[in-house]
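Here is what each chain is made of, one letter per residue.
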Amino acid sequence: MGKSLTWKIIEKNMVSGSNEQEGELTVKVNQTLTQDSTGTMVYLQLDAMDIQDIKTDLSVAYIDHNTLQTGFENADDHAFIKSAAAKYGIIYSKPGNGICHQLHLERFGKPGDILLGSDSHTPTGGGLGMLAIGAGGLDVAAAMAQGTYTLKVPKVMNIELAGKLRPWASAKDAALYVLRLLTVKGGVGYIIEYSGEGIRNLSVTDRATITNMGAEAGATTSIFPSDEAVRDFLVRQGREEDYTPFEADADAEYDKKLIIDLGKIRPMAAKPHSPDNADEVRNIKGIKVDQVAIGSCTNSSYTDLMKAAAILKGKRIHPDVSLVIAPGSSNILKMMADNGALGDLLASGARIIEAACGPCIGMGQAPRSGGISLRTFNRNFKGRCGTDTAEVYLVSPETAAFSALTGYLTSPDETGAEKPVVELPERFAAYDGYFVFPPENREGIELVMGPNIKPFPVGRPLPQKLECKLLLKVGDNITTDDIMPSNARLLPYRSNIPELSKYCFGTITKDFRDRAQKNGGGFILGGENYGQGSSREHAALVPLYLGVKAIIAKSFARIHRDNLINSGILPLVLTDKGQYELFDEYDEIEIDNIAEALKSRNTINVMNKTKGLEVLCRFEGSETDAEILRAGGYLNYIKRMKKGAEGNA
Ligand code: MIC
Ligand code: SF4
């Protein structure tokens, strides 16, 4: 049997482990990326690891999330990250340069390499044929310090794309179509590998849109082969030398296989408040729209913005609509300024904001109360746009542009318009003005820590017995945006855990911090896919700071489960999901014999003392995960390992 593309790349980078299911493997990490909202924590953690040099081939620190600088806090964070980049030999990308994933695709991504990023949309790099995985900040710091990453042996799902997209259906529609099929938890445990004749007509940025949204299905990552389209993209980016062809063997073996006919896909929209809640636009058209936003790491490429500009050229945006556009990179903006498309956007009445995440993470452009916002982004969780009562629909740039003109949700294939052809420039602009490359001599460089940089909490070794109250019971698919909300007000405090703790579980209850403080910490009960969405480890660190010791859930999202373990919080899965019903908030819970249960990866008895009953839970982590928990989190674990190594020397 032949090999999948995924396994070819894993084997190329394998340090230890095997391909046995349930096992784990350690791979060499070639590249890392961080962004500022997770990056401050990453570099504080890297500093705590006490290293001289990073061990990756290339690491980049992007500033793209917190760019509003409404106070000193963002600027403090930027200065800190810039100093850490210089100290450790990392490329620094200044605010205004663009969105980490779009920039990384343009400037640094390499087919066949492994990229680890402290952002859940790192899989965008899969469009270039790289294995690009999102992880918590500590894992990325450790990858820089050690050059490796350990992951659970993934299953590989093959999605064969047949046929060709219809004229007005785009990669975003295909991404939403896949997501509707898989749901927000259908990709958990899988790497999604695309193949088939259908991919030949998809450009690298189309493919990147699709791999980007694989994160919404909970997949470890998604990947396309590295073929002629990738070579062409790299040539146009002026980096042909980075091209290596990579593809699966024709008879590759997969754990799961789906076939999708691209020709069946119509323009789609994900309805509020979940990206998998998708329908064809023609079924829901006619909804009155207040705001349209084009951009984000999903749809801010040159081609996406040029398509929107062509649709808007010579027309006027509807008087009731505010259209805002955030380009993916400064070079895209520069090219559009040079070729006149920026002028077309401005003449139509569009608002152009800097190349950054912006409205996607609630950094400005919150819609009006009860407003309807169409966004080309990847997440429409309640409240994420900054307005709790707003309703966000996720759409393609084409649907966004037409709807901005009509004022109603409009399906491009029902407009009668002819699809614009976007010619790619022979060479994409590749100015370096926003990059700061690390100095040759890095001796004596100090970290710059302004008053916004506060120490982060570190876990303690797990005791033999935990006895606490159940502080909160939540339902299925709770997102990290629920656990630790992010918006223009809160993002400046990503390096200030005590301040953030006031807003923990803010979309669910306003008094979680009080509950935790009054009860000296406690447990949380979750449903399916607990912690889906972002990679932010603040969704683990803040509960840790508030004394949360364990989370019991029906199932966990991958990155969040890893973040809990890295922080020293015990994630337990209910062996009988129906027993979720046996718990109520404020029940007294006891978990005994923890060390033993972790050692054998056995089941653990969880006593509900209030109800006088017992349920069985399982710790589903690896032996290393158990070690990390026994040590009280990843940093303690590394320190212990270092001490051990010194003792043996
Ligand atoms: C997101 O899209 O949710 C974010 C903001 O980019 C997060 C990272 C963060 O919370 O800082 C992600 O996707 O990991
Ligand atoms: Fe930025 Fe939005 Fe992409 Fe997250 S999803 S990296 S906030 S653009």
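All of the points below concern the structure found in this document. (Residues numbered from 1 in each chain as written. Chains lettered and ligands numbered in written order. Predicted model: local features only at pLDDT ≥ 70, side-chain atom pairs only at ≥ 80, totals over all residues. Heavy atoms only, no water.)

## Comments concerning the site of ligand 2
Close to ligand 2 lie His 65, His 101, Asp 119, His 121, Ser 296, Cys 297, Cys 357, Cys 360, Ile 361, Asn 378 and Arg 384. Its residues placed into classes, the shell around ligand 2 shows four nonpolar, five polar and two charged. (Near = heavy atom within 4 Å. Nonpolar A, V, L, I, M, F, W, Y, C, P; charged D, E, K, R; others polar.)

## Describing the packing of helix α10 (residues 302-312) against helix α12 (residues 341-348)
Interhelical geometry of α10 versus α12 gives an angle of 50° and a closest axis separation of 9 Å. Taken together, α10 and α12 sit at an angle that is classed as oblique. Seen along the crossing, α10 lies across α12 with a hand that is left-handed. Residues Met 306, Ala 308, Ala 309 and Leu 312 of α10 lie in contact with α12, whose contacting residues are Ala 341, Asp 344, Leu 345 and Ser 348. In terms of residue class, the contact of α10 with α12 is built from six nonpolar, one polar and one charged. (Axes fitted to C-alpha atoms, helices over the stretch in contact; angles between N-to-C directions. Helix = DSSP H or I, 4+ residues; strand = E, 2+ residues; numbered from the N terminus. Parallel < 35°, antiparallel > 145°, perpendicular 65-115°, else oblique. Left-handed = near helix turned anticlockwise from the far one by under 90°. Contact = heavy atoms within 4.5 Å.)

## Some words on the sheet that holds strand β4 (residues 58-62)
In space, the six strands of this open sheet follow the order β7-β6-β3-β4-β5-β20, with mixed pairing throughout. Edge positions in the open sheet fall to β7 (131-134) and β20 (435-436), since each of these has one partner strand only. (Pairing = 2+ DSSP bridges.)

## A word on the nonpolar core
Ranked by size, the top nonpolar core spans 106 residues in total, and within it Tyr 43, Phe 512, Tyr 530 and Ile 591 carry the most contacts. The element that contributes the greatest number of residues to this core is helix α5 (residues 137-146), accounting for seven residues. When sequence neighbours within four positions are dropped, the list of residues in contact with Tyr 43 reads Thr 34, Val 60, Ala 61, Phe 80, Ile 81, Ala 84, Ile 90 and Met 144. (Core = buried A, V, L, I, M, F, W, Y, C linked by side-chain atoms within 4.5 Å. Buried < 20%, exposed > 50% of the residue type's maximum accessible area, 1.4 Å probe, protein only.)

## Points about the packing of helix α11 (residues 330-339) against α12
Axis separation between α11 and α12 bottoms out at 5 Å; the angle between their running directions is 85°. Regarding the angle of α11 to α12, the classification is roughly perpendicular. Listed contacts from α12 to Leu 333, Met 336, Ala 337 and Asn 339 of α11 are Ala 341, Leu 342 and Leu 345. Of the residues that constitute the contact of α11 with α12, the class distribution is six nonpolar, one polar and no charged.

## Quick notes on the pattern of salt bridges
Under the criterion given, the structure shown has 40 salt bridges. Of the charged contacts in the structure, one is a salt bridge between Glu 398 and Lys 307, with a shortest N-O distance of 2.9 Å. Of this pair, Glu 398 sits in helix α13 (residues 397-406) while Lys 307 sits in helix α10, placing them 91 residues apart in sequence. Across this residue pair, the class does not change: Glu 398 and Lys 307 are buried. A single network of salt bridges, built from pairs that share partners, joins Arg 200, Arg 207 and Asp 227. (Salt bridge = Lys/Arg side-chain N within 4 Å of Asp/Glu carboxyl O.)

## Points about the site of ligand 1
Taken together, 14 residues lie around ligand 1, and Ser 37, Asp 119, Ser 120, Ser 535 and Arg 536 are the ones closest in. Ser 37 has a polar side-chain atom sitting 2.5 Å from an oxygen atom of ligand 1. Measuring from an oxygen atom of ligand 1, one finds a side-chain N or O atom of Arg 536 at 2.6 Å. Considered on its own, ligand 1 offers 330 Å² of accessible surface; in the complex 97% of this is hidden by protein. (Polar contact = N/O pair within 3.5 Å; in protein donor to acceptor, adjacent residues only side chain to side chain. Areas by Shrake-Rupley, 256 points an atom, 1.4 Å probe, with all protein chains shown as cover.)

## Regarding the pairing of strand β2 (residues 24-28)
One ladder, built from three bridges, connects strand β1 (residues 14-17) with β2; its direction is antiparallel. When the sheet's bridge partners are listed, Gly 17 is paired in β2 with Leu 25. Hairpin connection, β1 to β2: the antiparallel pair is bridged by six residues, and Glu 22 has positive phi, about 75°. Both β2 and strand β8 (residues 148-152) contribute to a ladder of five bridges, which runs antiparallel. Its bridge partner lying in β8, Leu 25 is registered against Leu 151.

## Digging into the sheet that holds strand β27 (residues 613-618)
In a beta sheet, neighbouring strands are held together by backbone hydrogen bonds and run either parallel or antiparallel to one another. The strand order around the closed barrel formed by seven strands is β21-β22-β23-β24-β27-β26-β25, and the pairing between neighbours is mixed. Taken over all neighbouring pairs, the strand axes of this sheet differ in orientation by 40° on average, direction set aside. Sheet topology note: the strand β24 (residues 570-574)/β27 ladder contains two bridges and is antiparallel. By the bridge assignment, Leu 574 is partnered in β27 with Cys 617.

## Some points on the side chain of Arg 558
Locating Arg 558 in the fold gives a position in helix α18 (residues 558-567). Although Arg 558 lies buried, it forms no salt bridge, and the closest oppositely charged side chain, Asp 562, sits 4.6 Å away as judged by the N-O distance. Only 3.4 Å separates the side chain of Arg 558 from the backbone oxygen of Thr 220, close enough to count as a polar contact. Setting aside chain neighbours within four positions, we find Arg 558 in contact with Ile 133, Gly 134, Tyr 149 and Thr 220. (Lys, Arg positive; Asp, Glu negative; His and termini not counted.)

## Overview of the packing of aromatic side chains
Taken as a whole and assessed by the stated rule, the structure comprises nine aromatic pairs. Their ring planes at 80° and their centres at 5.5 Å tell us that Phe 108 and Phe 435 sit as a pair that is edge-to-face. With a gap of 327 residues between them, Phe 108 in the loop between α4 (100-107) and β6 (114-117) and Phe 435 in strand β20 connect regions that are remote in the sequence. The exposure classification of Phe 108 matches that of Phe 435, with both residues buried. Ring centres 6.0 Å apart and planes at 85° place the aromatic pair Tyr 530 and Phe 556 in the edge-to-face group. Of this pair, Tyr 530 sits in the loop between β22 (522-526) and α17 (538-545) while Phe 556 sits in the loop between β23 (548-553) and α18, and the two are 26 residues apart along the sequence. (Phe/Tyr/Trp six-rings, centres within 6.5 Å; stacked < 30°, edge-to-face > 60°.)

## A look at the pairing of β24
Counted residue by residue, β24 has five buried out of five residues, so it is predominantly covered. Of the two faces of β24, the one lined by Leu 570, Leu 572 and Leu 574 and the one lined by Pro 571 and Val 573 are each fully buried. Looking at chain direction, β23 and β24 are connected through four bridges and run parallel. Each residue of the ladder has a partner; that of Ile 551, found in β24, is Pro 571.

On their own, these measurements won't tell you what the molecule is for.
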